[in-house]
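Spelled out from the first residue to the last, the chains are:
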Amino acid sequence: MSDPLSMSDRKPDVSDPSSRDTAYEHPLLLVHGDAGPTVHGEAGSIRPQARAWSRYVAIGDSFTEGMSDPDPDTPGAYVGWADRLAALLSTHVADGTDFSYANLAVRGRKLDDVVGAQLESALALGPDLVSIVGGGNDILRPKADVDALAARLDEAVARIRATGADVLMATPTDPVGAPIIGRTRGRVGMYISHIWSIAQRRGAFVLNQWACDFLKDWRMWAEDRIHMTPEGHRRVALTAYVALGHTAEEADWRAPLPPQAPPGKVEALRGHAQWAKEYAAPWVQRRLQGRSSGDLIDAKRPTLGPAPRPGERSADEGHGIPGPEGGSR
């Protein structure tokens, strides 16, 4: 049986509507019209095909900046999944080609900045691969217009694709069980639907964090319960690597951590109180004052340079306060 997603099977002549086989309309044509989608291998993000990218630029917010995956060589700086992905991709360049990488992401940034100033700077670097992740800080706002956010993201992806560069997007994680942000689950789900639609329409790759079951373990999250530990970032980098069509050689990256007994009631309450004081309250105060955690922060890698070589860290390093359900999110 032929692949129902392959447009090479009985592809209609879209230049002449009268010549179409009226008994067959490919579902992608029904969605995208006569022009059809601009896709990788005519399959969008469904069948990723790895390429030897050599100029990778990452744009986004704190997730792509790398919080909370401390850089051992630079106090106050972070490594993160994008740096780790760049290191993986750098091993696939063609002979005689140098791999270069830039990271323009800054914590606290909303989508307007990501698809605005960051995107302009990214395109000026002439990348052949751009990862764009944004909108999470917008969705935290109860009155966020998810459809409008998606429209802006779509425009940005279209601009990148028009240059010939490939695009990697990422879905948010499932916020179920998370304090405060768990209330955004409906908006997150709607945004994810848009992300997959954009990927299919524009021919982009997707890092599907919603499907990462390992992220439901609170030990993958830092003490602020919003950013990932080094182990969380390591696993997400490998997930992105696979989403781009490569094969991850590290067999443990999807495996759950060893079971851990949940904290006692008193310990859990103490942890919640500490989190509210140290993280939740300052976030609310910044929001009321119209400030951002990234107001005084510049991009950590504003120009193209060699890929970093982040060292491997133990899965036990950096684990935060247990979440509401103990070891699981």
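Residues numbered from 1 in each chain as written. Predicted model: local features only at pLDDT ≥ 70, side-chain atom pairs only at ≥ 80, totals over all residues. Heavy atoms only, no water.

**Quick word on the overall build of the protein**
Then, in step 1: Scanning the protein from N- to C-terminus turns up nine helices and six strands.
Then, in step 2: Residues classed as buried in the protein amount to 48% of the 329 residues present.
Then, in step 3: Sequence-distant contacts in the protein: of pairs separated by 6 or more residues, those separated by 24 or more amount to 76%.
Then, in step 4: For the protein, the accessible surface area stands at approximately 15800 Å², while carbon and sulfur atoms represent 53% of it. (Helix = DSSP H or I, 4+ residues; strand = E, 2+ residues; numbered from the N terminus. Buried < 20%, exposed > 50% of the residue type's maximum accessible area, 1.4 Å probe, protein only. Contact = heavy atoms within 4.5 Å. Areas by Shrake-Rupley, 256 points an atom, 1.4 Å probe, with all protein chains shown as cover.)

**Observations regarding the confidence of the model for the protein**
Then, in step 1: Looking at the protein, the pLDDT average stands at 79 and 71% of residues meet or exceed 70.
Then, in step 2: Overall, residues 1-44 carries pLDDT values under 50, and its contacts beyond four positions in sequence, including any with other chains, amount to 59 contacts.
Then, in step 3: Contacts from residues 312-329, a stretch scored under 50 in pLDDT, to residues over four places away or in other chains number 58 contacts. (pLDDT = per-residue confidence, 0-100.)

**Things to note about helix α7 (residues 185-202)**
Then, in step 1: Relative to the 26 Å expected for 18 residues at 1.5 Å per residue, α7 spans 25 Å between its end C-alpha atoms, a close match to the ideal helical length.
Then, in step 2: Every buried residue belonging to α7 is among Arg187, Val188, Tyr191, Ile192, Ile195, Ile198 and Ala199, and all of these are buried. Taken end-on, α7 shows its buried residues confined to a sector of 135°, consistent with a single buried face.
Then, in step 3: Check the buried side of α7 and you find it contacts α4 (111-124), α5 (136-139), α6 (146-162), β4 (166-170) and β5 (205-207).
Then, in step 4: At the exit of α7 stands Gly203, carrying a positive phi of roughly 75°. (Expected span 1.5 Å × (residues − 1). Arc of directions from axis to C-beta.)

**Considering the pattern of salt bridges**
Then, in step 1: Counted according to the given criterion, the structure contains 16 salt bridges.
Then, in step 2: Among the salt bridges present, the one from Arg161 reaches Asp166, with a minimum N-O distance of 3.8 Å. Taken individually, Arg161 and Asp166 each receive the classification buried, so the pair is uniform in this respect.
Then, in step 3: Asp213 serves as the salt-bridge partner of Lys216, at 3.6 Å between the closest nitrogen and oxygen. (Salt bridge = Lys/Arg side-chain N within 4 Å of Asp/Glu carboxyl O.)

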